[in-house]
Amino acid sequence: MRIAGIEPESIVDGPGVRYAVFAQGCSLHCRGCQNPASWDPCGGAVMPVAEIMADMRASSLAQGLTLTGGEASEQAADAAVLARHAHEIGWDVWCWSGHRFEVLLRRAQTESDLAQLLGEVDVLVDGPFLLARRTLALAWRGSDNQRLIDVPASVAAGTAVTLST
């Protein structure tokens, strides 16, 4: 997997202590992005998924996996493997995407890797970062257009089911 970085004990990328994987590559290029160095799909470093999973298992503090970036959906196959492994070791999975849930769900109908990823995500923080709507008042979101989506409930309902914080 091509990564921009890993934070093995993050306290800002979702609830609790989380193992955060920053995917390298993002075609959205949101103005004001907190991580523009992650945009280049050829940047960052390549790390074997098995090595990331071993590092996850070695964590004594992390309680969940965060997939962020960059844009994790652009590496859906590898992200799905990491998310499945997180569930196997008893962790929950949060994922950030600049795409709206509805767009990802529609794409997942023809992109099996993305369907597998969505099937492993518990909470999706969706929507592009919009600098004009930037806020510090909402947990885990940078702008007020972004939503916290309960993915299993949303997939079952066929529409976005939001969580409140």
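Labelled according to an unreviewed UniProt entry, the protein appears under the name Anaerobic ribonucleoside-triphosphate reductase-activating protein, originating from Cutibacterium granulosum DSM 20700. Quoted verbatim from the Cofactor (unreviewed entry) field of the UniProt record, the comment on the protein reads "[4Fe-4S] cluster".

A. Unusual backbone geometry, seen in detail. Gly69 connects to Gly70 through a cis peptide bond whose omega is 15 degrees. Inspection of the secondary structure assignment puts Gly70 in the loop between strand 4 (64–68) and helix 2 (76–88). Positive phi outside glycine occurs at His29, with the angle close to 55 degrees. Of note, His29 is situated in the loop between strand 2 (18–23) and strand 3 (45–46). Unusually for a residue other than glycine, Trp140 sits at a positive phi of about 65 degrees. Turning to its location among the elements, Trp140 is positioned in the loop between strand 6 (123–126) and strand 7 (147–150).

B. Representation of the packing of helix 3 (residues 101–108) against helix 4 (residues 112–120) within the structure. Between helix 3 and helix 4, the shortest axis-to-axis distance is 8 Å and the interhelical angle comes to 130 degrees. Comparing their axes, helix 4 and helix 3 come out oblique. Between helix 3, through Leu104, Leu105, Arg107 and Ala108, and helix 4, the contact on the second element is made entirely by Leu114, Ala115 and Leu118.

C. Focus on the sheet that holds strand 2. With mixed pairing, the seven strands of this open sheet are ordered in space as 3-1-2-4-5-6-7. Only two strands of the sheet have a single partner each, and these edge strands are strand 3 and strand 7. Judged from the five bridges that link them, strand 2 and strand 4 form a sheet pairing that is parallel. In the strand pairing of strand 4, Val21 is matched with Leu67. This element, helix 2, spans strand 2, strand 4 and strand 5 (92–97) of the sheet and lies at about 165 degrees to strand 4.

D. Inspection of the nonpolar core at higher detail. Core analysis: the biggest nonpolar cluster contains 34 residues, and Val21, Ile52, Leu65, Leu67 and Leu82 have the highest contact counts within it. Taken together, the elements giving at least two residues each to this core come down to strand 2, helix 1 (49–58), strand 4, helix 2, strand 5, helix 3 and helix 4. Of all the elements, helix 2 adds the most residues to this core, at six residues. Beyond its immediate chain neighbours, meaning those up to four positions away, Val21 contacts Met1, Ile3, Gly5, Ile6, Ile52, Leu65, Thr66, Leu67, Thr68 and Leu82. Of all hydrophobic cores here, the second largest spans five residues; its members include Trp94, Trp96, Val123 and Val125.

Cut-offs used in this document
- Residues numbered from 1 in each chain as written.
- Predicted model: local features only at pLDDT ≥ 70, side-chain atom pairs only at ≥ 80, totals over all residues.
- Heavy atoms only, no water.
- UniProt positions renumbered as here; feature names shortened; annotations may be inferred.
- Helix = DSSP H or I, 4+ residues; strand = E, 2+ residues; numbered from the N terminus.
- Axes fitted to C-alpha atoms, helices over the stretch in contact; angles between N-to-C directions.
- Parallel < 35°, antiparallel > 145°, perpendicular 65-115°, else oblique.
- Contact = heavy atoms within 4.5 Å.
- Pairing = 2+ DSSP bridges.
- Core = buried A, V, L, I, M, F, W, Y, C linked by side-chain atoms within 4.5 Å.
- Buried < 20%, exposed > 50% of the residue type's maximum accessible area, 1.4 Å probe, protein only.

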